[in-house]
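# Close look at the chain arrangement
Residues per chain are reported as follows:
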Amino acid sequence: EAAEKGGFDTYMLKEIYEQPQALTNTLIGRLHDDTGEVNLDINLDPASFKRISIIACGTAFYAGLVGEYLIEQLARIPVEVDVASEYRYRSPLVSENTLAIVISQSGETIDTLEALREAKKQGAKTLGVINAKGSSMTREVDDVLYIHAGPEIGVASTKAYTAMVSGMLMLALWLGRARGTLNEELGRELLQGARELPRLVEECLQPERVENIQRIAQKYHQARDYLFLGRGVNSPTAFEGALKLKEISYIHAEAYAAGEMKHGPIALIDEHLPVVVIATESFLLEKTISNIQEVKARSGKVIAVVSDGDTDAARHADDVIYVPRAAEMVSPVVNAVAMQLLAYFTATALNRDVDKPRNLAKSVTVE
Ligand code: G6P
């Protein structure tokens, strides 16, 4: 087993560090700088869809939420995202113009598989964004976009998540291009941004950045609760950050879209509550900085995740996690790595078994 962990203490840490390679494998051969083309080898007609349903569980569901932002923005198709266990039982509206996208690392999660069957039965076209080759879902969907993250052993998903989000970004670019809704300049910029992801994630894993996150994790590891806030395409990053933390550290964590803070979670804020705020480059950064000030005014402890070179958001925070600058629409991949490391070092400071957290299974194949 030690050999399989390749010198790392845990599979999870190994998989966190595998992300630059995993993302290279996700992206390779699919994005073409010279022509701006996105080649995903999907045999479905992108012009035929009037709505998209994204269906998934757990971490994959949050990748779906990022996908919703990206697809609606770049391809201008209405998207809804469901947790699979709800989709199955809520009589969803489906027609032959619906594209149902299931996202799954294992391709075996029973709720997602059954939701896929339901969507198919009702006439949707189906696409899987899947990691495990030859898994049940891959055999039942009309087409597959493999994310090629490689085997993931740690129960808490890391490289599969960032690969799924990258997959959704490519899908949004493909749909946007094929439907003519994506302006050429933005298309090229995002394509370039996507191609830089392996390098940006590599930068996130530089020792001084990792040590800084470890220090912050240790500082707050005795907190009873944590709050995570993010906006727009990074509100799912906040959800994923909270999920990662509770899965492996057992600290209670909640996440909210930052603008929603005033409608409830603000009541929880006191000097004992660490609040992780995703405050990387965004057209809404000013509003997020206001949220940081609101947390500070109530004595909360702010851990801000900011882009390199930022001084605005960082100025108001108790602790700062710097991440490499990235275009907002590709930043969820970069920011997720910071979330993983924060959860990881919190859990190890608490001596948790990060690879096998209590009560959780890597793949849930019974309802
Ligand atoms: C389990 C795992 C999660 C995972 C979810 C969905 O709950 O513990 O890490 O996100 O299943 O799994 P899938 O294989 O469908 O992505």
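Rules and cut-offs
- Residues numbered from 1 in each chain as written.
- Predicted model: local features only at pLDDT ≥ 70, side-chain atom pairs only at ≥ 80, totals over all residues.
- Buried ≥ 20, exposed ≤ 12 C-beta atoms within 10 Å, placed from the backbone.
- Helix = DSSP H or I, 4+ residues; strand = E, 2+ residues; numbered from the N terminus.
- Pairing = 2+ DSSP bridges.
- Near = placed C-beta within 6 Å.
- Nonpolar A, V, L, I, M, F, W, Y, C, P; charged D, E, K, R; others polar.
- Axes fitted to C-alpha atoms, helices over the stretch in contact; angles between N-to-C directions.
- Parallel < 35°, antiparallel > 145°, perpendicular 65-115°, else oblique.
- Contact = placed C-beta atoms within 7 Å.
- Expected span 1.5 Å × (residues − 1).
- Arc of directions from axis to C-beta.
- Core = buried A, V, L, I, M, F, W, Y, C linked by C-beta atoms within 7 Å.

## What to know about the pairing of strand S3 (residues 51-56)
Burial of S3 is extensive: five of the six residues sit out of reach of the surface. Here S3 runs beside strand S5 (residues 98-104); their pairing, made up of five bridges, is parallel. Pairing of Arg 51 across the sheet is with Thr 98, part of S5. Judged from the five bridges that link them, S3 and strand S4 (residues 79-83) form a sheet pairing that is parallel.

## Some remarks on the site of the ligand
In the vicinity of the ligand there are 17 residues, among which Gly 58, Ser 104, Gln 105, Ser 106 and Thr 109 approach most closely. Take the shell around the ligand: its biggest share by element is three residues, from helix H3 (residues 58-75). Looking at the shell around the ligand residue by residue, the classes come out as seven nonpolar, nine polar and one charged.

## Quick word on the packing of H3 against helix H11 (residues 235-249)
Running from amino to carboxyl end, H3 crosses H11 at an angle of 170°, the nearest separation of the two axes being 9 Å. Judged on the interaxial angle alone, H11 and H3 are roughly antiparallel. Counting all contacts with H3, which are made through Thr 59, Tyr 62, Leu 65 and Val 66, the residues of H11 involved are Pro 236, Phe 239, Glu 240 and Leu 243. A breakdown of the residues in the contact of H3 with H11 according to their chemical character gives six nonpolar, one polar and one charged.

## Thoughts on the environment of Asp 111
In this structure, Asp 111 sits in helix H5 (residues 110-121). The class of Asp 111 is buried, set by 23 C-beta atoms lying within 10 Å. For the pair Asp 111 and Ala 56, spaced 55 residues apart in sequence, the C-alpha separation works out to 8.1 Å. Beyond its immediate chain neighbours, meaning those up to four positions away, Asp 111 contacts Cys 57, Ala 84, Ser 85, Arg 88 and Glu 367.

## Here's the deal with the packing of helix H2 (residues 19-27) against helix H9 (residues 197-204)
Helices that pack against each other are described as a pair by the angle of their axes relative to one another and the distance between those axes. Contact pair H2 / H9: the axes reach a minimum separation of 8 Å and the direction vectors enclose 170°. If you check the angle between H2 and H9, you find them roughly antiparallel. Each of Gln 19, Pro 20, Leu 23, Thr 24 and Leu 27 in H2 lies in contact with H9, whose residues at this interface are Leu 197, Pro 198, Val 201 and Glu 202. The residue makeup of the contact of H2 with H9, split by class, is six nonpolar, two polar and one charged.

## Looking at unusual backbone geometry
When glycine is set aside, most residues are seen to have a negative phi, and most peptide bonds are trans. Its identity as a non-glycine residue notwithstanding, Ser 299 has a phi of 70°, on the positive side. As for its placement among the helices and strands, Ser 299 is situated in the loop between helix H12 (285-297) and strand S11 (301-307). Positioned with a positive phi, Asn 351 is a non-glycine residue whose angle comes to about 60°. One can find Asn 351 in the segment after helix H14 (331-349).

## Thoughts on the sheet that holds strand S10 (residues 274-278)
Strand order across the open sheet formed by five strands is S9-S8-S10-S11-S12, with parallel pairing between neighbours. In this open sheet, the two strands that pair with only one neighbour each are strand S9 (252-257) and strand S12 (319-323). In this sheet, adjacent strand axes meet at a mean angle of 20° when their direction is disregarded. Pairing of S10 with S11, which is carried by five bridges, proceeds in the parallel orientation. If you follow Val 276 over to S11, its bridge partner there is Ile 303. Along the sheet, H11 contacts strand S8 (225-230), S9 and S10; its crossing angle with S9, the most-contacted strand, is approximately 175°.

## Concerning helix H8 (residues 184-195)
Across its 12 residues, H8 extends 16 Å between first and last C-alpha, which sits within 8% of the 16 Å expected from 1.5 Å per residue. For H8, the complete set of buried residues consists of Leu 190, Leu 191 and Ala 194. The buried residues of H8 occupy an angular sector of 105° when the element is viewed end-on, so they sit on one face. Where H8 is buried, its residues touch H2, strand S1 (31-32), helix H7 (159-179) and H9.

## Digging into H9
Those residues of H9 lying buried are Leu 197, Pro 198, Leu 200, Val 201 and Cys 204. When H9 is viewed along its axis, its buried side chains cluster within an angular range of 165° and face the same direction.

## Observations concerning the sheet that holds S3
Taken in spatial order, the five strands line up as S4-S3-S5-S6-S7 in an open sheet, and their pairing is parallel. Edge strands, defined here as strands with exactly one partner in the open sheet, are S4 and strand S7 (143-146). Strand-to-strand, the axes of this sheet are offset by a mean angle of 20°, without reference to chain direction. Along the sheet face, H5 touches S3, S5 and strand S6 (125-130) and points at about 170° away from the line of S5. The strands touched by H7 are S5, S6 and S7; relative to S6, the strand with the most contacts, the crossing angle is about 140°.

## Things to note about the nonpolar core
Among the nonpolar cores identified, the biggest contains 131 residues, and Met 164, Val 277 and Ala 304 are the most heavily contacted of them. For this core, the element with the most residues is H7, which contributes 13 residues.

So yeah, pure geometry; function would need other evidence.
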